[in-house]
Amino acid sequence: MSYCVNCGVELDASAKKCPLCDTPVYNPKAPEPEKQPPVPFPKEKGQVEVVKRKDLGVLLTVIVLATAVTCGLLNAFVFRSSLWSLAVIGVVLVLWVIMIPVVIYTRQPIYLSILLDGVAVIVYLYLLTYLTGHNSWFYGLGLPIVLLVTAVVEAVTFCIRKLPMSFLTGALYLISGIAVLCVGLELLIDRFLRQEIALGWSAIVLTICVIVDITIATLLSRRRLRNAVRRRLHF
């Protein structure tokens, strides 16, 4: 028989605390409960401060600049057999220009970003002319291809941003751009290599793109057909 150590009321043998004063029942013969080891990590989840975009841009700019300067110095004073550092500097320049709208100046217009990307690639290809020893490939093939790709990307971007946009219209703009790009590439390559203009593989791509474009245009012009296709394809 046991009693409460606080108020003296008689306690049941299975009681864990006094029914009158809620004092816990203490049994000196009971074994001590094992103490849990302290948790080495906090239970509450914290949040790491987000790195500011401007600071990230400064860091990446310093890394890119250090890479270009280091390679240039190595080429000037150690490995002088060729102007290999120009290839590295050109790649670094292209990467830095691509980073501008992402981490350095996010408000840069997309048309200007595409144009600067094209200019950076042109500069990189021109630097490669010092490694190859001649520049005929640059003026005859490299420069025209970059200008073509830049113009096509600018045109597709303009259509997507300024014209009515949906899944079908976006596919129409993209497929049309692919057709123009493939035809232009083959014509430029043939003109540079064989001094003649003739369609070959690009004619097949052009035919497929025209068929797909006509199909999409038909869907866009027929509302009931367009809605039926959307319900079945879930877009």
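Scroll up for the structure.
Residues numbered from 1 in each chain as written. Predicted model: local features only at pLDDT ≥ 70, side-chain atom pairs only at ≥ 80, totals over all residues. Heavy atoms only, no water.

## Thoughts on the overall build of the protein chain
Now for step 1: Secondary structure assignment for the protein chain yields seven helices and two strands.
Now for step 2: The order of α-helices and β-strands along the protein chain, N terminus first, is β-β-α-α-α-α-α-α-α.
Now for step 3: Taken over 235 residues, the protein chain has a buried fraction of 27%.
Now for step 4: Considering only contacts in the protein chain between residues 6 or more positions apart, those separated by 24 or more positions represent 48%.
Now for step 5: Working note: accessible area of the protein chain is about 17,300 Å², and carbon and sulfur atoms make up 67% of it. (Helix = DSSP H or I, 4+ residues; strand = E, 2+ residues; numbered from the N terminus. Buried < 20%, exposed > 50% of the residue type's maximum accessible area, 1.4 Å probe, protein only. Contact = heavy atoms within 4.5 Å. Areas by Shrake-Rupley, 256 points an atom, 1.4 Å probe, with all protein chains shown as cover.)

## With respect to helix α4 (residues 136-162)
Now for step 1: Relative to the 39 Å expected for 27 residues at 1.5 Å per residue, α4 spans 38 Å between its end C-alpha atoms, a close match to the ideal helical length.
Now for step 2: Of all the bends in α4, the largest measures some 30° and sits at G142, one to four residues before the proline P144.
Now for step 3: Every buried residue belonging to α4 is among W137, F138, G140, G142, P144, V146, L148, T150, V152, E154, V156 and T157, and all of these are buried.
Now for step 4: Its buried side turned inward, α4 meets α3 (110-132) and α5 (167-194). (Expected span 1.5 Å × (residues − 1). Bend = angle between axes of the 7 residues up to and from the residue.)

## Comments concerning the side chain of D190
Now for step 1: Tracing the chain through its elements places D190 in helix α5.
Now for step 2: Apart from the residues within four sequence positions on either side, D190 is in contact with Q195, E196 and A198.

## Focus on helix α6 (residues 201-221)
Now for step 1: Across its 21 residues, α6 extends 31 Å between first and last C-alpha, which sits within 8% of the 30 Å expected from 1.5 Å per residue.
Now for step 2: Of the positions making up α6, those classed as buried are S202, C209, D213, I216 and L219. One face of α6 carries all of its buried residues, which in axial projection span an arc of 115°. Turned more than 90 degrees from where α6 packs its buried face, I204, I211, I214 and S221 sit exposed. (Arc of directions from axis to C-beta.)

## Here we look at the pattern of salt bridges
Now for step 1: Tallied over the entire structure, the rule returns one salt bridge.
Now for step 2: R194 serves as the salt-bridge partner of D190, at 2.9 Å between the closest nitrogen and oxygen. On the criterion of helical spacing, the pair formed by D190 and R194 is a turn pair, its members being four residues apart in helix α5. (Salt bridge = Lys/Arg side-chain N within 4 Å of Asp/Glu carboxyl O.)

## A few points about the side chain of T157
Now for step 1: Inspection of the secondary structure puts T157 in helix α4.
Now for step 2: Here V153 takes part through its backbone oxygen, which lies 2.7 Å from a polar atom of the side chain of T157.
Now for step 3: The contacts of T157, once residues within four sequence positions are left out, are I110, Y111 and I114. (Polar contact = N/O pair within 3.5 Å; in protein donor to acceptor, adjacent residues only side chain to side chain.)

## Here we look at the packing of α5 against α6
Now for step 1: Packing of α5 against α6 leaves a shortest axis separation of 9 Å and a crossing angle of 160°. Here α6 runs roughly antiparallel to α5, going by the angle between their axes. Here the hand of the crossing between α5 and α6 comes out left-handed. Residues L168, T169, A171, L172, I175, S176, I178, A179, C182, V183 and E186 of α5 form the contact with α6, whose own contacting residues are W201, S202, A203, V205, L206, C209, V212, D213, I216, L219 and L220.
Now for step 2: In terms of residue class, the contact of α5 with α6 is built from 17 nonpolar, three polar and two charged. (Axes fitted to C-alpha atoms, helices over the stretch in contact; angles between N-to-C directions. Parallel < 35°, antiparallel > 145°, perpendicular 65-115°, else oblique. Left-handed = near helix turned anticlockwise from the far one by under 90°. Nonpolar A, V, L, I, M, F, W, Y, C, P; charged D, E, K, R; others polar.)

## Focus: the packing of aromatic side chains
Now for step 1: Summed over the entire model, instances satisfying the criterion amount to five aromatic pairs.
Now for step 2: Considering the side-chain rings of F79 and W84, the 6.4 Å spacing of their centres and the 70° angle between planes classify their relative orientation as edge-to-face.
Now for step 3: On the basis of relative accessible area, F79 is assigned to the partly exposed category, the value being 47%.
Now for step 4: Note on Y126 and Y130: the rings are 5.7 Å apart at their centroids and 90° apart in plane angle, and the pair reads as edge-to-face. Here Y126 pairs with Y130, and both are found in helix α3, just four residues apart, close to one helical turn.
Now for step 5: On the basis of relative accessible area, Y130 is assigned to the partly exposed category, the value being 47%.
Now for step 6: Put simply, the rings of Y126, Y130, W137, F138 and Y139 touch in pairs and so form one group of aromatic residues. (Phe/Tyr/Trp six-rings, centres within 6.5 Å; stacked < 30°, edge-to-face > 60°.)

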